[in-house]
Amino acid sequence: MIGSNTQPLLVIEDSDEDFEALQRVIQREVVLNPVFRCTDGEDALDFLYHTGAYLDPATAPCPSIILLDLNLPGTDGREILAQIKQDHNLKHIPVIVLTTSCNPKDIEICYQYCAASYILKPIDINRLVKTIQSFLTYWLDIVILPDAVSN
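Notes on the structure follow. (Residues numbered from 1 in each chain as written. Predicted model: local features only at pLDDT ≥ 70, side-chain atom pairs only at ≥ 80, totals over all residues. Heavy atoms only, no water.)

Moving on to the overall build of the chain. Within the chain, the regular secondary structure consists of six helices and five strands. Along the chain, from the amino end to the carboxyl end, the secondary structure elements read β-α-β-α-β-α-β-α-β-α-α. Whereas a compact globule of 151 residues would reach a radius of gyration of roughly 15 Å, the chain reaches 14 Å, a difference of no more than 12%. Overall, the C-alpha framework of the chain stretches about 35 × 35 × 25 Å when taken along its three principal axes. Taking all 151 residues of the chain together, 47% fall into the buried category. A fraction of 65% describes how many contacts in the chain between residues 6 or more apart in sequence connect residues 24 or more apart. (Helix = DSSP H or I, 4+ residues; strand = E, 2+ residues; numbered from the N terminus. Rg over C-alpha atoms; globule rule 2.2 N^0.38 Å. Buried < 20%, exposed > 50% of the residue type's maximum accessible area, 1.4 Å probe, protein only. Contact = heavy atoms within 4.5 Å.)

Here it is as structure tokens:
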């Protein structure tokens, strides 16, 4: 069992296939953290700021971790990361970038905006599953998050 707490994980990912792979690993590893998904940048910002379809904070709790794809329709992941890290109420949330982009400029920009990690998303499904398992073990089981200290 991974993630023995109920801190929410926000996944900002437009690929149904990649999200389904994540969901399968989450079910197999018995992750207890609730998982919320946004499929584009505007939806993610609505979730984080409780606007649009997410007016009720109960349907959009503040995430303890954000898993962010960079290449999103509309507002892309780079812009979302920049906005999160410039917001006093959100900047403490670890943002883990999971993307296919190995562009050195993307990597540099993400770390300049204080991404907690930059993970290349493997094309091979078996390697993707292993990457997701490593992410879940590290971020939900090993790391102590700021919110966990006060709970």
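Turning our attention to the packing of helix H2 (residues 41-49) against helix H3 (residues 77-86). Put simply, H2 and H3 touch, their axes get as near as 10 Å, and they point 20° apart. Taken together, the axis directions place H2 and H3 in an arrangement best described as roughly parallel. Judged by the sense of rotation from one axis to the other, the crossing of H2 with H3 is right-handed. Only Ile-80, Gln-83 and Ile-84 of H3 make contact with H2, whose side of the interface consists of Gly-41, Ala-44, Leu-45, Leu-48 and Tyr-49. For the contact of H2 with H3, the residue count by class is six nonpolar, two polar and no charged. (Axes fitted to C-alpha atoms, helices over the stretch in contact; angles between N-to-C directions. Parallel < 35°, antiparallel > 145°, perpendicular 65-115°, else oblique. Left-handed = near helix turned anticlockwise from the far one by under 90°. Nonpolar A, V, L, I, M, F, W, Y, C, P; charged D, E, K, R; others polar.)

Its identity as a non-glycine residue notwithstanding, Val-30 has a phi of 55°, on the positive side. With relative accessibility at 43%, the residue Val-30 sits in the partly exposed group. With phi around 55°, His-50 is a residue other than glycine that occupies positive phi space. Following the sequence through the fold, His-50 ends up in the loop between H2 and strand E3 (65-68).

With seven of 10 residues buried, H3 is to be regarded as a mostly interior element. Along H3, the residues classified as buried are Gly-77, Arg-78, Ile-80, Leu-81, Ala-82, Ile-84 and Lys-85.

This next bit is on the pairing of strand E2 (residues 35-38). Pairing analysis gives four bridges linking strand E1 (residues 9-12) to E2, with the strands arranged parallel. Following the sheet pairing, Ile-12 is matched in E2 by Cys-38. Handedness of the crossover joining E1 and E2 through helix H1 (residues 16-28): right-handed. (Pairing = 2+ DSSP bridges. Right-handed = clockwise from strand over helix to strand, strands pointing away.)

Moving on, we get to the packing of aromatic side chains. Here the structure, examined in full by the defined rule, presents four aromatic pairs. With a centroid separation of 6.5 Å and an interplanar angle of 45°, the aromatic rings of Tyr-111 and Tyr-118 are classed as tilted. Owing to a relative accessible area of 41%, Tyr-111 belongs among the partly exposed residues under this scheme. Taking the relative accessible area as the measure of exposure, Tyr-118 reaches 12% and is therefore buried. Taken together, the ring pairs connect Phe-36, Phe-47 and Tyr-54 into an aromatic cluster. (Phe/Tyr/Trp six-rings, centres within 6.5 Å; stacked < 30°, edge-to-face > 60°.)

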